[in-house]
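This is what each chain is made of:
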Amino acid sequence: MSATPPPRLLSAIKWSAVFLMLLPLFNLPVAYWQDALGADPFEAIQQTLGKWTLYSLFVTLGVTPLRRLTGFAWLIRLRRALGLTAFAYACVHALAWAGLEHLFDPAALADDLTKRVHIIVGLAALILLTLLAITSTNAAIKRLGGKRWQALHRLVYAIAILGVVHHWLLVKADFSAPAMEAAILAILLASRLLLPAKRPSARGTGKVSCASRTG
Amino acid sequence: MLVRRPPDIAPSEITAASLFARRRQLILATGAAAGLALSPFSAKAAPPTLKISGRADHAGGEKPTARSAITEYNNFYEFSTDKRSPARLAQAMRIEPWTVTVEGEVLKPATFDIDQLRRLAPMEERIYRLRCVEAWSAVVPWAGFPLATLIDKVQPTGQARYVAFETLADKEDMPGLRSRVLDWPYLEALRLDEARHPLTLLAFGLYGDWLPKQNGAPLRLVVPWKYGFKSAKSLVRIRFLRDMPHSAWMKASPREYGFYANVNPSVDHPRWSQARERRLGEFLKRPTLPFNGYAEQVASLYAGMDLRLNF
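It should be emphasised that the depicted structure is a prediction, and the values quoted were computed from it without experimental measurement.

**Student:** I'd love a proper account of the overall build of chain B, names of residues and values included.
**Tutor:** Looking only at helices and strands, chain B features nine helices and 13 strands. Burial statistics for chain B: of 311 residues in total, 52% are counted as buried. A fraction of 73% describes how many contacts in chain B between residues 6 or more apart in sequence connect residues 24 or more apart. By element, 56% of the accessible surface of chain B is carried by carbon and sulfur atoms, the whole surface being about 15,000 Å².

Below you can see the structure in the form of structure tokens.
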């Protein structure tokens, strides 16, 4: 399937990917209602949201290496939607922190934001991710121009690194999960360096044709 | 050809035909009744039923946390670092036979069989608050007797200033030991006066029955005014020492876990505030109480000490 699928199929693939990526999020209220989240369901919710923020970022970062490996240039068309699922998770995760953890108490929030390094790191990642989400629209790409847009969106690397560091700093004693995430991220970043970029295809009609230069 | 004669079976031992016919239903019914392994003991070697001779509410009348929450949410890193797996994995732990060696700066060191310890003193039900360092909490109905009873029996010498507690570290049954997340075996300790305090409990039971394995069967320490990690589970050794030992958590993260670990809302953990806690089963958080609400009984132990330094 190296040829771009017809528009309807492509759309279906894109929305299926988004739906699958968001399943863990949709499952949370179900699990909560079924009392399947354990004795501290709020902690479980927060951990699940954090985990899937990172995983959806990884999937987004995996689009380009997968594109280069398979030669399916059209995969790039999924990247924006997947990136926005990561943004969605990050927002809900931050909301859970503010609401479930601190019950929106300003003093408690300020305490965390000023004293806990991992919260500051997490907030930095969220701010950058928000910036990327806002500039993900076609209008923004046009306004910024391909080169500038690309430079800005390279921030996704920094965001992913901040996310892993956030998790690392958070963990109590068992570093196996953040260590595994760091390894996955390292592989994803390395693969971008090691896999050769394809020349821009004459066939690609994607609106992000400028951005696909390194896609 | 040797034909072995089967051992004689007394007629009284023959299963009634009606029971035999329903054997499958009976087995299923027994299984259902046993539920979530309410008894950690095999039918063969079960100790006598836990007898409770008295009840004391040390939780200000608060309702005990649901048993299912207490038995299905456990920090027992010897089995797993996640809180839900120990309920399942701890069933592999062999708790009979069980001995506890008491040694060190004592006049009468001894190795006690678990049955001897169970009979050392009448068991009292004590309803205590439990506050985990992670800022969640519960109200737990323990059953046991004061550790002081055991201490008096072994007679610490004048050199004994600290008491160390060691948890079982059985590589065969405890998959978590493979990870170096903590220095094994798990070690905790108290100052002698803390160990002697009437609130310090040697617990054998929970909710009127023997301790489930994931809660630290067959006996554990409970020190309600300190963070939960001080209340070591599944004790195999109690050692009286001259010098302050380093507990497992002190070694793992000295900046975060100190020797005293007294519940203190004004001393934050480096990574989170200790001012509030979430009671299991509730949504809204509640303020954490100094010494977990036991300040009246224990604050004098720390008179003159800087509790920020000695955290």
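**Student:** Give a detailed account of a nonpolar patch on the surface, specifying residues and quantitative values.
**Tutor:** Taken together, the side chains of F19(A), L20(A), L23(A) and F26(A) present a nonpolar region at the surface, about 390 Å² in accessible area. Structurally, F26(A) can be placed in helix α1 (residues 7-33).

**Student:** I'd love a proper account of the packing of aromatic side chains, names of residues and values included.
**Tutor:** For the coordinates displayed, the defined rule picks out 19 aromatic pairs over all chains. On the numbers, 5.3 Å between centres and 35° between planes, the contact of W168(A) with F175(A) is tilted. On the accessibility criterion, W168(A) (38% relative accessible area) is partly exposed. Considering the side-chain rings of F229(B) and Y257(B), the 5.4 Å spacing of their centres and the 80° angle between planes classify their relative orientation as edge-to-face. Note that F229(B) is positioned in the loop between β10 (220-222) and β11 (235-241) and Y257(B) in the loop between α8 (248-252) and β12 (276-279), a separation of 28 residues in sequence. Both residues of the pair, F229(B) and Y257(B), count as buried. Every member of this aromatic cluster is reached through a ring pair, and the members are Y162(B), F259(B), Y260(B), F291(B) and Y302(B). Sitting over the face of the ring of Y294(B), R129(B) holds its NZ or CZ atom 4.7 Å from the ring centroid. Sitting over the ring of F76(B), K233(B) keeps its end group 5.0 Å from the ring centre.

**Student:** So what about empty space enclosed by the protein? Which residues, and what values?
**Tutor:** All names here are of chain B. For the structure on display, the rule yields one cavity of 30 Å³ or more. Every residue lining the largest cavity is counted, 27 residues in all, and those nearest its centre are N75, R220, G228, F229 and K233. Class assignment of the residues belonging to the lining of the largest cavity gives a composition of 17 nonpolar, six polar and four charged.

**Student:** Summarise the confidence of the model for chain A; cite the residues concerned and give the values.
**Tutor:** Scored by pLDDT, chain A comes out at a mean of 91, with 92% of its residues at no less than 70. Here helix α7 (residues 146-153) of chain A stands out as the element of chain A with the lowest mean pLDDT, 94, in contrast to helix α5 (residues 117-134) of chain A, whose mean of 98 is the highest.

**Student:** If you had to explain the sheet that holds strand β7 (residues 187-191) of chain B to someone new, which residues and values would you point to?
**Tutor:** Residue and element names in this part refer to chain B. Strand order in the open sheet made by the five strands is β3-β2-β11-β6-β7, with mixed pairing throughout. Two strands close off the open sheet at either side, each with one partner strand: β3 (110-113) and β7. Mean inter-strand twist for the sheet, computed between neighbouring axes without regard to direction, equals 15°. For strand β2 (residues 99-104) and β3, the ladder comprises four bridges, and the chain directions are antiparallel. The residue of β3 that forms the bridge with V100 is F112.

**Student:** Tell me about the interface of chain A and chain B, and name the residues and values.
**Tutor:** Residue-level contacts link 21 residues of chain A with 25 residues of chain B. With both sides pooled, the region where chain A packs onto chain B buries about 1,800 Å², and carbon together with sulfur makes up 53% of that total. Three residues, A39(A), L103(A) and K172(A), lead the burial of chain A against chain B; their summed loss comes to 36% of the area buried on that side. Counting across the chain A and chain B interface gives four salt bridges. Between E101(A) and K285(B) there is a salt bridge whose closest N-O contact spans 3.1 Å. If you look at where chain A meets chain B, you find nine residue pairs in polar contact (both at pLDDT 80 or more). Of all elements in the fold, only α2 (41-70), α3 (76-101), α4 (106-115) and α8 (155-170) of chain A reach the threshold of two or more residues within the side of chain A that touches chain B. Among the elements that make up the side of chain A that touches chain B, the one with the highest residue count is α3(A) (three residues). Here the side of chain A that touches chain B is composed, by residue class, of ten nonpolar, three polar and eight charged.

Reading guide: rules and limits
Residues numbered from 1 in each chain as written. Chains lettered and ligands numbered in written order. Predicted model: local features only at pLDDT ≥ 70, side-chain atom pairs only at ≥ 80, totals over all residues. Heavy atoms only, no water. Helix = DSSP H or I, 4+ residues; strand = E, 2+ residues; numbered from the N terminus. Buried < 20%, exposed > 50% of the residue type's maximum accessible area, 1.4 Å probe, protein only. Contact = heavy atoms within 4.5 Å. Areas by Shrake-Rupley, 256 points an atom, 1.4 Å probe, with all protein chains shown as cover. Patch = residues over 30% accessible without salt bridge, like charges linked within 9 Å, V, L, I, M, F, W, Y side chains within 5 Å. Salt bridge = Lys/Arg side-chain N within 4 Å of Asp/Glu carboxyl O. Phe/Tyr/Trp six-rings, centres within 6.5 Å; stacked < 30°, edge-to-face > 60°. Lys NZ or Arg CZ within 6 Å of the ring centre and 35° of its normal. 1 Å grid on protein atoms, 1.4 Å probe; cavity = no way out; pocket = protein on both sides within 12 Å on 5 of 7 lines; lining within 4 Å. Points joined across faces, edges and corners; volume = space filled by probe spheres on them. Nonpolar A, V, L, I, M, F, W, Y, C, P; charged D, E, K, R; others polar. pLDDT = per-residue confidence, 0-100. Pairing = 2+ DSSP bridges. Axes fitted to C-alpha atoms, helices over the stretch in contact; angles between N-to-C directions. Buried area = accessible area lost by both parts, 1.4 Å probe. Polar contact = N/O pair within 3.5 Å; in protein donor to acceptor, adjacent residues only side chain to side chain.

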